[in-house]
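Here's the letter readout for the chains.
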Amino acid sequence: MEVDNTAWKKKLTPQQKAEYKAEKREEMQNLFKKIDDGVKAVFESDSYKECLRYMSKFTNYSAGNCILIMLQKPDASLVAAFGKWKELGRTINKGEKGIAILAPMTFKSKELKEQPVKDSSGNQVYNADGSEKKEKVEVEQTSIGFKKVYVFDVSQTSGEPIPEYVHELNEAVEDEHVEAVINAVHDITGVPVDFENISSGAKGYYSYGEQRIVIQENLSGAQAVKTAIHECAHALLHDPDKKLPTANTSRSDKEVQAESVAYIVASRYGIDTSDYSFPYIASWSQGKQLEQLNRFLNEIQETARTICDAIDTELQALSENQTEEQTEDECLGLAM
């Protein structure tokens, strides 16, 4: 856990303050380096698939933070900050070490800027020589940065039972669950999802010209879900009419992204992912800059998060409807 240093910072000498800032900068640089090294290691075929599976556990975190968590605690399954665990009625076990991640922060600073002087009517004021009169004004500047924070895995805590946040599916995905996923895909893409016979033999496709997703009819529930998610990823990332930066990538890039998103989402809901394979990922990533690979992983994770959030909403509504129906049936049974 981090200690609040506010109380004693004012007592430091200028040299001590400089040393403290240098130490913190070095800590941040080390965390960023860990992410970069982790990203490089991920793009080996076996490591890539394992990383996606790990990312599926933490869709609310960036790809970089997922890698930091994975490097520090590979067996983590559910992480949260100290305050969140306290809110859930759980405490951190004595002696447990926090998992360092990066949290985006807004920093505000003030600096003097020269601005034209204007009168009460908003008109420019001039000097006696005819030049524009100016004055120095203190202006507040806002910038975005990161700070190191700590989270803890559920295995490091004790207390109240954990609420179930994820609705797990399985290979025998029922029709109502398929419908829930299709509704989620429709909600976030805004395009219809149709089941048809596809003569080409493909399991599905996204047509940006027709603005619709088509899925091969008579697929198993699990396959229909995985196909819908894959095509949903294409719609969110690769529609050229939406002028997205990800739409300008090569066909192979698009397929890797869509399949990676589908793998993360399927893994999160407990759907069998043994048919997914990324044997080409090592050769595919060769020649790409580290910045590209970082961005690629974050685009995958952000898209997976969007889809998971929508599916969670649909599954929660389905669960509540089923509970209401069950309660109603029980009441009718008592009345009979």
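Since the model is a prediction, treat every value here as computed from it, not as a measurement. Throughout this document, residue positions are counted from 1 along each chain, in the order its sequence is written. Totals for whole chains, interfaces and linings use all residues, but because this is a predicted model, local features are given only for residues with pLDDT of at least 70 and pairs of side-chain atoms are given and counted only at 80 or more. Hydrogens and water are ignored here; the side-chain numbers use all heavy atoms of the structure.

Asker: Would you explain the environment of Tyr54 in this entry?
Answerer: Put simply, DSSP marks the helices as runs of H or I at least four residues long and the strands as runs of E at least two long, and each gets a number from the N terminus on. Here Tyr54 lies in helix H3 (residues 45-57). The contact partners of Tyr54, leaving out residues within four places of it in the chain, are Cys66, Ile69, Met70, Lys73, Pro74 and Ala76. Pairs of N or O atoms within 3.5 Å make up the polar contacts considered here, provided that, within protein, one atom can donate a hydrogen while the other can accept it, and that residues adjacent in sequence are counted only when both atoms are side-chain atoms. At 2.7 Å, the side chain of Tyr54 forms a polar contact with the backbone oxygen of Lys73. Whether two residues are in contact is decided by their heavy atoms, any of which lying within 4.5 Å being enough.

Asker: I would appreciate a short explanation of the packing of aromatic side chains in the present structure.
Answerer: Centre-to-centre distance and the angle between the planes together describe a pair of aromatic rings. Pairing of aromatic rings covers Phe, Tyr and the six-membered ring of Trp, with a centre-to-centre limit of 6.5 Å; geometry is then stacked below 30 degrees between planes, edge-to-face above 60, and tilted otherwise. If you walk through the whole model with that rule in mind, you get nine aromatic pairs. Centroid distance Phe58 to Tyr61: 6.4 Å. Interplanar angle 85 degrees. Geometry classified as edge-to-face. Partly exposed describes any residue whose relative accessible area lies between the buried limit of under 20% and the exposed limit of over 50%, with all areas from a 1.4 Å probe on protein chains only and scaled to the type maximum. In this structure Phe58 comes out as buried when scored by relative accessible area, which is 3%. Consider the rings of Tyr263 and Phe278, whose centres lie 5.8 Å apart with planes at 85 degrees: the pair is edge-to-face. Of this pair, Tyr263 sits in helix H8 (residues 251-268) while Phe278 sits in the loop between H8 and helix H9 (281-285), and the two are 15 residues apart along the sequence.

Asker: Where do I start with the nonpolar core in this structure?
Answerer: The tendency in soluble globular proteins is for nonpolar side chains to be buried side by side. Formed by 70 residues in total, the largest nonpolar core has its most connected members in Phe43, Tyr48, Ile69, Ile229, Val265 and Ile311. For this core, the leading source of residues is helix H10 (residues 290-335), giving ten residues. Among residues more than four places away in sequence, those in contact with Phe43 are Tyr48, Ile281, Ala282, Trp284, Ser285, Leu293, Phe296 and Leu297. Judged by nonpolar contacts, the second largest core, of five residues, contains Ala80, Trp85, Ile92 and Val154. Residues belong to one nonpolar core when they are buried, are Ala, Val, Leu, Ile, Met, Phe, Trp, Tyr or Cys, and are joined through side-chain atoms within 4.5 Å.

Asker: Just to check I follow, could you spell out helix H2 (residues 14-42) for this structure?
Answerer: Residue pairs three or four apart in sequence face the same way in an α-helix, which turns once every 3.6 residues. Given the number of residues in a helix, its expected span is that number minus one, multiplied by 1.5 Å. The terminal C-alpha atoms of H2 lie 42 Å apart, and with 29 residues this matches the ideal 42 Å at 1.5 Å per residue to within 8%. Tyr20, Met28, Leu31, Ile35, Gly38, Val39 and Val42 are the residues of H2 that are buried.

Asker: What's the story with helix H7 (residues 221-237) in this structure? I'm lost.
Answerer: Its 17 residues place the ends of H7 24 Å apart at the C-alpha level, agreeing with the 24 Å of an ideal helix rising 1.5 Å per residue. Of all 17 residues making up H7, 16 are buried, and the element is well covered by its neighbours.

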